[in-house]
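Residues per chain are reported as follows:
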Amino acid sequence: AAFSTGDATEVRLAIFSHQTYMNTNQVKPLCEAFPKTKVLQSRLSAETAALAADCNAVCAFVNDDLDEPTLERLAELGVGCVAMRCAGFDRVDLAAATRLGIVVLRVPAYSPYAVAEHAVALALALNRQLVKSTERVRVGNYALSGLVGFDMYGKTVGVVGTGKIGRCTASIYKGMGCNLLAYDVFENDDAKALGCEYVDLPTVFREAHIVTLHC
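Notes on the structure follow.

Conventions used here
For every chain, the first residue of the written sequence is number 1, and numbering continues from 1 onward in sequence order. Given that the model is predicted, a residue must reach a pLDDT of at least 70 before its local features are reported, and side-chain atom pairs must reach 80 or more before they are shown or counted; all residues, however, enter totals for whole chains, interfaces and linings. Excluded from the side-chain calculation are hydrogens and water; included are all heavy atoms of the structure. Interaxial angles span 0 to 180 degrees and are taken between N-to-C directions of axes, which are lines fitted to C-alpha atoms, for helices over the stretch in contact. Helical segments are the DSSP runs of H or I of at least four residues, strand segments are the runs of E of at least two, and each set is numbered from the N terminus. Any angle that falls under 35 degrees is termed roughly parallel, while one over 145 is termed roughly antiparallel, one within 65 to 115 roughly perpendicular, and all others oblique. Left-handed describes a crossing in which the near helix is turned anticlockwise from the far one by less than a right angle; the clockwise case is right-handed. It only takes one pair of heavy atoms within 4.5 Å for two residues to be counted as in contact. Note on residue classes: Ala, Val, Leu, Ile, Met, Phe, Trp, Tyr, Cys and Pro are nonpolar, Asp, Glu, Lys and Arg are charged, and everything else, Gly too, is polar. Each reported salt bridge corresponds to a side-chain nitrogen of Lys or Arg within 4 Å of a carboxyl oxygen of Asp or Glu. Pairing between two strands is assigned when DSSP locates at least 2 bridges connecting them. Each residue is placed in one exposure class: buried if its accessible area under a 1.4 Å probe, protein chains only, is under 20% of its type's maximum, exposed if it is over 50%, and partly exposed if it falls in between. The handedness of a crossover follows from its direction of travel: if, with the strands pointing away from the viewer, the path from the first strand over the helix to the second runs clockwise, the crossover is right-handed. Throughout this description, a polar contact denotes any pair of N or O atoms lying within 3.5 Å of each other; where both atoms belong to protein, one of them has to be capable of donating a hydrogen while the other can accept it, and for residues adjacent in sequence the pair is counted only when both atoms sit in side chains. Cavity: a set of points on a 1 Å grid over the protein atoms alone where a 1.4 Å probe fits but cannot get out. Pocket: an open set with protein on both sides within 12 Å along at least five of seven lines, its lining residues, like those of a cavity, having an atom within 4 Å of a point. Grid points are joined across faces, edges and corners, and a volume is the space filled by probe spheres set on the points.

Interhelical geometry of helix 4 (residues 112-127) versus helix 6 (residues 164-175) gives an angle of 50° and a closest axis separation of 8 Å. By the criterion of interaxial angle, the relationship of helix 4 to helix 6 is oblique. In the packing of helix 4 onto helix 6, the handedness of the crossing is right-handed. Of helix 6, the residues touching helix 4 (which contributes P112, Y113, V115, A116, E117, V120 and A123) are K164, I165, C168, T169, I172 and Y173. Its residues assigned to classes, the contact of helix 4 with helix 6 shows 10 nonpolar, 1 polar and 2 charged.

This is the structure in structure tokens:
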């Protein structure tokens, strides 16, 4: 199946696994760019592929199943492009897609800063018992027992995995005054420049007060 995006008006897109959080930043611009877009709540599979009738492209997510039977059904419908709105493509049978002439696209990367900031936010919430304290306040319980955390300043953080996200996370913890240990099968000069000391994994688990996993 040949696929060309030379004329945006010719792209007839079916978006599978739609959720309401997608409306503003994902669905709206896609519908504006491709007016013939279908928005579907159904998960894509061989059984639901028929919903892409009259479309030449589908947009799928992590829980959609793009195995060989699904791709064959899509190809029969004239679909020539699968656009994954995620970085992973393990849900796609690439060999089958190649055989069927279906182009597969994916998100090249997520913002490493967004993931790193969220990871640190979760650590702060865990340390300061924010979920537990919020639930207590809702029922009028303002007792502090069991809610006291500790200063992260001066503590040792073990960063397991020093790729882009791991390094962004290490940078945040460095800004909070933490000491940095790191483990990765491939040591990174940028991580070392941040102050990460590479050690083996048992040392990370033994000496770190906080362990953050990015592997």
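Moving on, there is more to tell.
Note that side chains of opposite charge can pair when their charged atoms are close. For the coordinates displayed, the defined rule picks out 7 salt bridges. E76 serves as the salt-bridge partner of R73, at 3.2 Å between the closest nitrogen and oxygen. Residue R73 and its partner E76 are both found in helix 2 (residues 68-77); the two are separated by 3 residues, about one turn of the helix. Taking the shortest distance from any N to any O, the salt bridge between D151 and R128 comes out at 3.4 Å. A residue pair is termed long-range when its members are at least 10 positions apart, and D151 in the loop between helix 5 (130-138) and strand 6 (156-160) and R128 in the loop between helix 4 and helix 5 qualify at 23 residues. Salt bridges linked by common partners bring E68, E72 and R99 together as one network.

Attention now goes to the sheet that holds strand 3 (residues 57-60). Read across the sheet, 5 strands follow the order 2-1-3-4-5 without closing on themselves; strand pairing throughout is parallel. Lying at the two open borders of the sheet, with one neighbouring strand each, are strand 2 (38-39) and strand 5 (103-105). Strand direction decides the pairing type here: strand 1 (residues 13-15) and strand 2, joined by 2 bridges, are parallel. Following the sheet pairing, I15 is matched in strand 2 by V39.

Our focus in this paragraph is the pairing of strand 6. Burial of strand 6 is extensive: 5 of the 5 residues sit out of reach of the surface. Burial along strand 6 is two-sided: the residues T156, G158 and V160 and V157 and V159 are all buried. Looking at chain direction, strand 6 and strand 7 (residues 179-183) are connected through 5 bridges and run parallel. When the bridges of strand 7 are listed, V159 appears paired with A182. In the classification by handedness, the crossover that spans strand 6, the intervening helix 6 and the parallel strand 7 is right-handed. In this sheet, strand 9 (residues 210-213) lies alongside strand 6 in parallel orientation, the contact comprising 4 bridges. Note on strand 9: the bridge partner recorded for V159 is T212.

A word on the environment of H18. Positionally, H18 belongs in the loop between strand 1 and helix 1 (23-33). Here H18 is in contact with N23, V27, V39, L40, Q41 and R85, once residues within four sequence places are set aside. Reaching out from H18, the side chain makes a polar contact with the side chain of N23 at a distance of 2.6 Å.

This paragraph deals with the sheet that holds strand 6. Overall, parallel pairing links the 4 strands, which are arranged 8-7-6-9 in an open sheet. Strands at the two margins of the open sheet, each flanked by one partner only, are strand 8 (197-198) and strand 9.

Turning next to the environment of M22. Its location among the elements puts M22 in the loop between strand 1 and helix 1. What M22 contacts, discounting residues up to four positions off in sequence, is I15, S17, V27 and R85.

Turning our attention to the environment of A114. Tracing the backbone through its elements, the reader meets A114 in helix 4. Take A114: its relative accessible area is 43%, and that puts it in the partly exposed class.

What follows deals with the layout of surface pockets. What the largest pocket holds in volume is close to 160 Å³. As for the largest pocket, its lining consists of 13 residues, of which A123, L126, Y173, I210 and V211 are closest to the centre. At 5 residues, the largest contribution of residues to the lining of the largest pocket is made by helix 4. Of the residues belonging to the lining of the largest pocket, the class tally is 10 nonpolar, 3 polar and no charged.

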